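Topology and contacts: notes
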Amino acid sequence: MYWQKDKEMSNGSTTLMSTSWAQNFTAVHRYELQESASYITGFVYAWILGGIVNVVVNVVVVLAIRRSATLDKPAHKVMASLAVADFLMGILQVFVSSSFTA
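Calculation rules
- Residues numbered from 1 in each chain as written.
- Predicted model: local features only at pLDDT ≥ 70, side-chain atom pairs only at ≥ 80, totals over all residues.
- Heavy atoms only, no water.
- Helix = DSSP H or I, 4+ residues; strand = E, 2+ residues; numbered from the N terminus.
- Contact = heavy atoms within 4.5 Å.
- Areas by Shrake-Rupley, 256 points an atom, 1.4 Å probe, with all protein chains shown as cover.
- Phe/Tyr/Trp six-rings, centres within 6.5 Å; stacked < 30°, edge-to-face > 60°.
- Buried < 20%, exposed > 50% of the residue type's maximum accessible area, 1.4 Å probe, protein only.

When its secondary structure is counted, the protein shows two helices and two strands. Secondary structure elements in the protein, listed N-terminal to C-terminal, are β-β-α-α. Summarising the internal contacts of the protein: among those between residues at least 6 apart in sequence, 47% fall at separations of at least 24. Accessible surface, the protein as shown: approximately 8200 Å² in total, 68% of it carbon and sulfur.

Set out below in structure tokens:
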């Protein structure tokens, strides 16, 4: 026998349950898996949002360097090249992360 909080009772009192240890362990383990799955889903959505922000910021950097005459220097072209590479990684991040939510 095993003491466990009875989830069906509204007052939250404890009752003596006559279930086996294995059944209780399985129920607790199932609950923990569901809880960890919700954390993972939240992390994936945050990762997707980060990828979208990454894409938008890098597009702004590339457009600013292309449209501004004062930023037409070799160092800024290297920065634009890095922004394009980071943009492509952001696109990859969004698509790969979104495949985990399906």
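On we go from here.
Per the counting criterion, the structure on display carries one aromatic pair. Judged by centre distance (5.7 Å) and plane angle (35°), the ring pair of Phe43 and Trp47 falls under tilted. Here the residue Phe43 and the residue Trp47 both occupy positions in helix α1 (residues 21-67), the gap between them amounting to four residues, near one helical turn. Among the residues examined, Phe43 registers a relative accessible area of 53% and is labelled exposed. Overall, the relative accessible area of 42% leaves Trp47 in the partly exposed class.

Keep in mind these numbers describe shape, not what the thing actually does.
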